[in-house]
Amino acid sequence: GNSVTQMEGPVTLSEEAFLTINCTYTATGYPSLFWYVQYPGEGLQLLLKATKADDKGSNKGFEATYRKETTSFHLEKGSVQVSDSAVYFCALTLPFGNEKLTFGTGTRLTIIP
Amino acid sequence: NAGVTQTPKFRVLKTGQSMTLLCAQDMNHEYMYWYRQDPGMGLRLIHYSVGEGTTAKGEVPDGYNVSRLKKQNFLLGLESAAPSQTSVYFCASSKDSSNQPQHFGDGTRLSIL
């Protein structure tokens, strides 16, 4: 079946540090890949997505590249801010009939000033 | 611009009681979803709907029922609540295909005593 494996958290970084949150996936077919972010007390929001191999999704300084050869979609940011503190979820979906998002378990990120 | 609205936000039930969670979206989306979020397990799909009058089972449907009588509303019912159903419930909607981003409500925190 389809699955998403995320880096175990929690992750604590100092402001302006470089961030990487690892995500690898297993899927039959060619999935679309997503990163969602959940701020405290809120629902999930789409952060970025990529729909085919070698696509790079980017938003708010975050980037992730769809790597088919390593089945990975790692999230990166060059300089994190306190406001980036949240839980980050990697997810996948398969098009053409499979309507479900499969989520990783989430990675809690805390940025300290 | 309400987006996805969930009611209620919090609820405490006794074992065996029933209740209905309401999800409403004002974006004219075809697809709607109910998830539960538990610590260390990410989000798991309970039921979903690909259009008015349709519903389908997700990953963890047991103990829940759903209805989509109107396009904008998706109801999640617990007929006889159990402590194992203590969780945070999220509703989401997407425009049509699974490649489209899902828009989430702010969640309903449900405790079963």
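The coordinates are above.
Rules of the game
- Residues numbered from 1 in each chain as written.
- Chains lettered and ligands numbered in written order.
- Predicted model: local features only at pLDDT ≥ 70, side-chain atom pairs only at ≥ 80, totals over all residues.
- Heavy atoms only, no water.
- Pairing = 2+ DSSP bridges.
- Helix = DSSP H or I, 4+ residues; strand = E, 2+ residues; numbered from the N terminus.
- Axes fitted to C-alpha atoms, helices over the stretch in contact; angles between N-to-C directions.
- Contact = heavy atoms within 4.5 Å.
- Buried area = accessible area lost by both parts, 1.4 Å probe.
- Salt bridge = Lys/Arg side-chain N within 4 Å of Asp/Glu carboxyl O.
- Polar contact = N/O pair within 3.5 Å; in protein donor to acceptor, adjacent residues only side chain to side chain.
- Nonpolar A, V, L, I, M, F, W, Y, C, P; charged D, E, K, R; others polar.

A. Geometry of the sheet that holds strand E8 (residues 62–65) of chain A. All names here are of chain A. Pairing is antiparallel in the open sheet, where 4 strands are placed in the order E3-E9-E8-E7. Only two strands of the sheet have a single neighbouring strand rather than two, namely strand E3 (19–21) and strand E7 (56–59). Shown here is a sheet whose adjacent strand axes are inclined to one another by a mean of 20 degrees, direction ignored. Strand direction decides the pairing type here: E7 and E8, joined by 4 bridges, are antiparallel.

B. Structural view of the sheet that holds strand E8 (residues 73–78) of chain B. Residue and element names in this part refer to chain B. Ordered by their spatial adjacency, 4 strands build an open sheet running E1-E3-E8-E7, and the pairing between neighbours is antiparallel. Single-partner strands in this sheet number two, and they are strand E1 (4–7) and strand E7 (65–67). Within the sheet, the average angular offset between the axes of one strand and its neighbour, ignoring direction, is 20 degrees.

C. Summary view of the interface of chain A and chain B. Chain A puts 21 residues into the contact, and the matching count from chain B is 21 residues. The contact between chain A and chain B buries some 1600 Å² in all, and 56% of this surface belongs to carbon and sulfur atoms. The tally of links from chain A across to chain B stands at 0 salt bridges. Our count for the contact surface shared by chain A and chain B stands at 2 residue pairs in polar contact (both at pLDDT 80 or more). Sorting the residues of the side of chain A that touches chain B by element identifies strand E5 (32–38), strand E6 (44–50) and strand E10 (86–93) of chain A as the ones contributing at least two each. Sort the elements by how many residues they give to the side of chain A that touches chain B and E5(A) lands first, with 4 residues. Split into classes, the residues belonging to the side of chain A that touches chain B amount to 9 nonpolar, 8 polar and 4 charged.

Keep in mind these numbers describe shape, not what the thing actually does.
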